[in-house]
Each structure stands twice: as structure tokens, then as C-alpha cells.
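# Structural characterization, general
Next come the chains, spelled out residue by residue.
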Amino acid sequence: MSQQPPGNIDSGVVLDGSYLAASPTPAEAVALAPRGAARASAIRGHEPVIIGTVTVLLFFVVWQGIGLLRDRSPDGLALGPFLFVPPSQLFLPAPLDIAKAFQAYVQDGRIWKDVAVSGQELAIGYVAAAILGIILGLLVGWYARLRYALDPFITFLYATPRIVLLPLFIIWFGIGVESKIAVVFLGAIFAILINTTAGVRNLDANLVKVARSFGASDFQLFRTIALPGSVPFILTGLRLGIGHALTGVVVGELVAAQFGVGQMMAVAGATFQSSKVFAGLFLIAGAGMLMTFTLQRLEQRFQAWRPKPN
Amino acid sequence: MSVAVKLEARRVAIKYRRQSTGLDLVAVDGVDLRIDDGEFVSIVGPSGCGKTTFLNAVDGLIAIESGALVLDGREIAAPGPDRAMVFQQPSLLPWRTVTGNVLYGLEMQHRGGEESRKTAARLIDLVGLEGFADSWPSELSGGMQQRVNLARALATDPELLLLDEPFAALDAQTRETMQQELLRIWGATRKTALFITHDITEAVYLADRVIVFTARPGRVKLDVRIDLPRPRDLRLKREARFIEYERTIWESIREEVLRTESRAQVA
């Protein structure tokens, strides 16, 4: 990443000959602001994180509070004319109950096997979907005839909730990881493929004209205009694909599996261990958030050229 | 002193199909003009007179219907390294730095390499963007982006420089600065230049000759030699002889506009 210090850009505005006073650039605006405002803006810079953390903490405190209330007065708490009866632990376990269930899950060692199985399904299915989705998406976007040929299939499969194919996959691939990989793959690939296709087709007419004017061949046009232009679309597709892939893992394991986080949740649910179900839920959510976060970092790396938001 | 003819247009007609109606429209019909080597020629005309269409044909982006377009004795059939266009919109590749954009044309013509990087660095300095070689287009102002657009065209070292209203989208002050800058840069390179604009003052200020197109279908209506000394200064725009040129051209365009308006009323 190469960036100019803001000072240079300011001098560029002068160099550009705007001899009438222009409105202050962001850097100037900061310099003009009084000292006290600088500290306030430092806090404002972290505002999203601070407010987000506070609301999440508050949420867990209230949730745990309901659990404490249940322990103290299981018959309910009179709030004026209303009687607030806390839900049972089976119905809504408190965060600390969930933590305990999670601890037990770690201690008996099952977690490693489950995470390994689910992780394998997710990783293989998703990576395969990403690679094939991008390649196929680029081809389908660039070659109109290929698009006409494949469009009926893409539309059919995209319109179908791929999870309904699970019974077939179980017949074809058994109840091991293979059927789940297939469902993850099919779940994720279309978001990636369709976005990539849209990215390639979304050519900036002005840039195409520039390329043609300099005598660019079709391949040069693809390599220098279509491909870089589709990167933001591909990244969006990859991000949407994460959700589909996680759904595939969990639902696939809920239906039929021997191991896996989803399978653990299915068993826990059937045996009324709601704390354990919640533990699984947080595990899945954590995986999804981690993947999304990684992808966001990747996006920043690939898009250093994008205008910086203020 | 006899000067070689650079570009010659002989009875050029260009048709294009309107997407909305599917009907053919004659954009220009019977354009005759000659541009000498090293000359700076501006084309002005009422809006929709086909001047940009004509420029695109000279660049080789669109085919002509009849007549001949000849550059250095060869008929123009497709885009070539002997021409380069400065576009109305900066049209920079946002994912390439200033240097990457200036190199773009050379890369497309397989003329990259170490030498081209030196050329790019020299041109970035020439257009007044010292220190911005590694900046992204999104970090530049509109005027600076147009400087990159110009440097990109100059990088391929074309025989004929085509400029399609490159300053139309800029604010008035930046536009004047860029006009002056263009004259400075043109003075340093002395490329034959064909400049399209709808701004009469700009046309007179920049050019050795101003050509007025008729309303569509465009034809050469008036060809005015601008006998004003170079180097030119912005103060020139306030002088009587400058204003006299402007008035002549303005009258000519006004005639065309009135003619089309009366035609529209009859129809």
C-alpha cells in the first residue's frame, strides 16, 4: 500500500490552480478545530467499538439477571400489578449455565472431534466452492454463449434451497463428511458464482473505451479491466457464501451425521440439554464471525485503491 | 515553408444506429479537412453536431460510412499507436496508481519495460504531478485526474493527439488553469492536436485553427486561422482581436442553432 501524506495532497490542490479559496480539506479542518475537539474526535473514532461492546455487555448482564432472579424467587417477582415469572432453565439457560455446559463439552474431549469434523466439511466445501465459483463465474461472465448454456442450470439450482438435496446426497455419499461437503459446496457456490459473473459483466464503459482506444485485445481487456473490476463483487460473493456454507454444515449434521457441532446440537436438543445447544450455537456463530472478519481484512488488502471513508 | 499534411478527411460520412429507435442516424456527412503536422486544431459546433463522433472515427473506435480518413498517408481502420485520446471523463483505472495509469497505453501496445517507466516518470513531472506517482486516482482532484489522462495519452508518443472536451467537467477556475497547462505541455511536445470543445473561448485560446461544424449532419462550416502569437497568456482572452475571433465563431454557431430550431418548429 502506498499512500501520500495528506500534506502532499493539499499542496496538490494549490498546484491545481484553484486560486479562489476552496473549502478546507479534511486535514485543514482538523487543524482549524479547537484543541478540546481533538480529544472528543479521538473518542468518536472508537465510537462504534465502544457502543457495540457496551450493548453486548448489557445484553448478557440482563440475560444473566434473569437467571439470578430464577434462583432467588422461582415463583416470580411481583412488579406492581404484574407478576414476572422467569422462564425455566430448560427454556432459557443463563449465560453462565451455557459457559458451564461449554466447559463440560471441552473437558470430555468431544469438542475436538466435532470441531474437526465440522471444520473439515466447512473448509473443503467452502474452498472448493470459492475456487470453482470464481473460475466458473469469470468464464460465464466473459463468454455470453457459455452463460446462455449454463443459465438454466444456475437459475434452477439457485432458486432451489440446496438443503432439499440433502436426502439425495445422503443416499449418494452416506452420512459421513462427504454428504455435508457436497451440501456446503452447493450452498456456497452460487452466491460466489453469480456475484463474480455480475462483476465481470459490470464493465465500466469508459474504461472499455480507454482500453480499445489503446488497441487492447479481448484478453487484455479482460485482464486489465474486467478482472480487477470484478474483485469487489467476488469478495461480496465470498462473504455471502459463508452464511450459506455454515447453514449447510449445521443443517446437514442435524439431519444425519456421526460427529460434528451440528450433530452435537441435534442430540443435545433431543435430550433437552438447552445449555449445550446454546454452546453449539455460539461456536457456529464464532466461526462465522471469524471467517467474515478474515474476509474483511482481505478486502482491505485488495482494495487499498478505494477512496477512504471519512 | 511547406508543411506536411498530417490528417486528411475527405468527404467523410459517419452513420450510427440509435439504440432507442433502431434507426440509422447520419452524424456527420461530407467532412473535408486537412490538419498540418504540428498544428493545434479545435473543432466547435452546436451540441449533437457529430464532433465527438468524428473524433472517435479518427481514433478508429467507430467505422466511417464513406469517404476517407488518412493519417500520414495511411487510411484509418482501427485504433493504432499513432493516435492517443484524452477522454472527456478522466477514465482512470481506479486500481492502478498514477504511474500504473500512465503506463497503461504502453502496456496495451506491448511497449512496457524499464524505458517506459522512465517515460512515465518524465511525463508525470511534465503534467505537474511531481510526488504523486504512487497516488491512487481516488486521492486526486478532478483537475489532477485530467493531468493523468493527458500524461497517459502522451506516454504512447502518438503522432496525433485527440482531445475530447477534456476540461468540460472541470470548474471554471481549474479549466482555465488546465488550458494554460495544456498550452505549456503542448509547447514542450508540439504534437499535432485535434481538440473537441463546445467552449468557443477555449477553442480560440488553444488553437492555431478553429473549425466550426454545422448542425447534424455535421460538416465543416467555417475554418478560422487564429493569428495570435504564442506563448499565449490568459490575459489574451481580454484583448480585442481575441474577442473578435470569438464573435465570428459565435455568430457562425448561432446561425446553425437558429437554423435547427426553425427546422424543428416546421417539423
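As the structure is a prediction and not an experimental result, all values here were calculated from the model.

Glancing now at the packing of helix 6 (residues 110–142) of chain A against helix 7 (residues 144–159) of chain A. Residue and element names in this part refer to chain A. Contact geometry for helix 6 and helix 7: axes closest at 5 Å, N-to-C directions at 115°. Between helix 6 and helix 7, the angle falls in the class roughly perpendicular. Residues Leu139, Val140, Gly141 and Trp142 of helix 6 lie in contact with helix 7, whose contacting residues are Ala144, Leu146, Arg147 and Leu150. Residue composition of the contact of helix 6 with helix 7, by class: six nonpolar, one polar and one charged.

Okay, the domain arrangement of chain B next. Residues and elements named next belong to chain B. In terms of domain boundaries, chain B breaks down into domain 1 (5–82 + 158–266) and domain 2 (91–157). The distance between the C-alpha centroids of domain 1 and domain 2 comes to 25 Å. Across the boundary between the two partners, domain 1 contributes 17 residues, which contact 14 residues of domain 2. Considering only the surface of domain 1 that becomes buried against domain 2, Pro158, Met178 and Ile185 emerge as the three largest contributors, covering 36% of it. One can count two salt bridges joining domain 1 with domain 2. Across the salt bridge formed by Glu181 and Arg147, the nearest N and O atoms sit 2.9 Å from each other.

Residue and element names in this part refer to chain B. One finds Phe54, Val58, Leu150, Leu194, Val204 and Ile249 to be the most contacted residues of the largest nonpolar core, which totals 92 residues. Among the elements that line this core, the one with the most residues is helix 5 (residues 142–155), at seven residues. Once residues lying within four places of it in the same chain are set aside, the contact partners of Phe54 are Ala9, Val12, Ile14, Val28, Val31, Leu33, Ile43, Leu69, Leu194 and Phe213.

Packed helix pairs are characterised by how far apart their axes lie and by the angle those axes make with each other. Residues and elements named next belong to chain A. Helix 6 packs onto helix 5 (residues 95–107) with a crossing angle of 90° between their chain directions and a minimal axis gap of 5 Å. Relative to helix 6, helix 5 is oriented roughly perpendicular. Between helix 5 and helix 6, the contacting residues are Phe102, Tyr105 and Val106 on the first element and Arg110, Ile111, Trp112 and Asp114 on the second. Among the residues making up the contact of helix 5 with helix 6, the classes are represented as five nonpolar, no polar and two charged.

Every contact between the two is made by 31 residues of chain A and, on the other side, 42 residues of chain B. Summed over both sides, the interface between chain A and chain B buries roughly 3200 Å², with carbon and sulfur atoms accounting for 60% of that surface. Taken together, the connections running from chain A to chain B amount to zero salt bridges. Our count for the chain A to chain B interface comes out at seven residue pairs in polar contact (both at pLDDT 80 or more). Those elements giving two or more residues to the side of chain A that touches chain B turn out to be helix 1 (6–15), helix 10 (205–213) and helix 11 (218–255) of chain A.

All names here are of chain B. Of the pairings in the sheet, the one linking strand 1 (residues 5–17) to strand 2 (residues 24–36) comprises ten bridges and is antiparallel in character. Bridge assignment links Glu8 to a residue of strand 2, and that residue is Arg34. Between the end of strand 1 and the start of strand 2, which pair antiparallel, lie six residues, with Gly22 showing a positive phi angle near 75°.

Now for the pattern of salt bridges. Residues and elements named next belong to chain B. Overall, the coordinates contain 29 salt bridges over all chains when judged by the stated rule. Among the ionic pairs, Lys6 bridges to Asp72, the shortest N-O distance being 3.2 Å. With Lys6 in strand 1 and Asp72 in the loop between strand 4 (66–71) and strand 5 (74–75), this pair connects stretches of sequence that are 66 residues apart. When its relative accessible area of 6% is taken as the criterion, Lys6 is described as buried. Its relative accessible area of 30% is what places Asp72 among the partly exposed residues. One salt bridge in this structure joins Lys221 and Glu256, with 3.1 Å as the shortest N-O distance. Pair noted here: Lys221 is in strand 10 (residues 220–225) and Glu256 is in helix 8 (residues 240–266), with a separation of 35 residues, a long-range link. Judged by its relative accessible area of 3%, Glu256 is buried.

Here we come to the sheet that holds strand 5 of chain B. Strands sit in the order 2-1-4-5 (chain B) across an open sheet of four strands; the sheet is antiparallel. For this open sheet the edge positions go to strand 2 and strand 5 of chain B, each flanked by a neighbour on one side alone.

We now examine the packing of aromatic side chains. Under the criterion given, the structure shown has 17 aromatic pairs over all chains. Here the aromatic rings of Trp63 of chain A and Phe278 of chain A are separated by 5.6 Å at their centres, their planes lie at 65°, and the arrangement is edge-to-face. With Trp63 of chain A in helix 4 (residues 47–72) and Phe278 of chain A in helix 13 (residues 274–302), this residue pair connects regions lying 215 residues apart in the sequence. Judged by relative accessible area, Trp63 of chain A falls into the buried class, the value being 9%. Through successive ring pairs, a cluster of aromatic residues spans Phe59, Phe60, Trp63, Phe278 and Phe282 of chain A. Over the ring of Phe259 of chain A we find Lys113 of chain A; its NZ or CZ atom is 4.8 Å from the centre of that ring. One residue, Lys237 of chain B, lies across the ring of Tyr205 of chain B, its end atom 4.9 Å from the ring centre.

This part takes up the pairing of strand 10 of chain B. Residue and element names in this part refer to chain B. Pairing between strand 9 (residues 209–213) and strand 10: five bridges, direction antiparallel. Each residue of the ladder has a partner; that of Arg209, found in strand 10, is Arg225. Connecting strand 9 to the next strand, strand 10, in antiparallel fashion are six residues.

Residues and elements named next belong to chain A. On the surface, Val127, Ile131, Leu132, Ile135, Leu139, Tyr143 and Leu146 cluster together into a nonpolar patch covering about 620 Å² of accessible area. Looking at which element gives the most residues to the nonpolar patch, the answer is helix 6, with five residues. Residue position: Ile131 is located in helix 6.

Looking now at empty space enclosed by the protein. All names here are of chain B. Tallied over the entire structure, the rule returns one cavity of 30 Å³ or more. In this structure, the largest cavity encloses a volume near 40 Å³. If you trace the largest cavity, you find it lined by Phe40, Leu150, Leu154, Leu161, Leu163, Leu182, Ile185, Trp186, Thr189 and Ala193. Mapped by element, the contributors of at least two residues to the lining of the largest cavity are helix 5, strand 7 (160–164) and helix 6 (172–189). Per-element tally for the lining of the largest cavity: the top contributor is helix 6, with four residues. Here the residues of the lining of the largest cavity sort into nine nonpolar, one polar and no charged.

This next bit is on the sheet that holds strand 9 of chain B. Residue and element names in this part refer to chain B. If you trace the six strands from one edge of the open sheet to the other, you get 6-7-8-3-9-10, paired in mixed fashion. The sheet is open, and its two edges are formed by strand 6 (83–86) and strand 10, each paired on a single side. For this sheet, the mean inter-axis angle between neighbouring strands, taken without regard to orientation, is 20°. Pairing analysis gives five bridges linking strand 7 to strand 8 (residues 192–196), with the strands arranged parallel. What sits directly across from Leu160, in strand 8, is Thr192. In the packing of helix 5 onto the sheet, the strands contacted are strand 6 and strand 7, and the crossing angle to strand 6 comes to about 180°.

What counts and how
Residues numbered from 1 in each chain as written. Chains lettered and ligands numbered in written order. Predicted model: local features only at pLDDT ≥ 70, side-chain atom pairs only at ≥ 80, totals over all residues. Heavy atoms only, no water. Axes fitted to C-alpha atoms, helices over the stretch in contact; angles between N-to-C directions. Helix = DSSP H or I, 4+ residues; strand = E, 2+ residues; numbered from the N terminus. Parallel < 35°, antiparallel > 145°, perpendicular 65-115°, else oblique. Contact = heavy atoms within 4.5 Å. Nonpolar A, V, L, I, M, F, W, Y, C, P; charged D, E, K, R; others polar. Domains from an automatic or database assignment. Buried area = accessible area lost by both parts, 1.4 Å probe. Salt bridge = Lys/Arg side-chain N within 4 Å of Asp/Glu carboxyl O. Core = buried A, V, L, I, M, F, W, Y, C linked by side-chain atoms within 4.5 Å. Buried < 20%, exposed > 50% of the residue type's maximum accessible area, 1.4 Å probe, protein only. Polar contact = N/O pair within 3.5 Å; in protein donor to acceptor, adjacent residues only side chain to side chain. Pairing = 2+ DSSP bridges. Phe/Tyr/Trp six-rings, centres within 6.5 Å; stacked < 30°, edge-to-face > 60°. Lys NZ or Arg CZ within 6 Å of the ring centre and 35° of its normal. Patch = residues over 30% accessible without salt bridge, like charges linked within 9 Å, V, L, I, M, F, W, Y side chains within 5 Å. Areas by Shrake-Rupley, 256 points an atom, 1.4 Å probe, with all protein chains shown as cover. 1 Å grid on protein atoms, 1.4 Å probe; cavity = no way out; pocket = protein on both sides within 12 Å on 5 of 7 lines; lining within 4 Å. Points joined across faces, edges and corners; volume = space filled by probe spheres on them.

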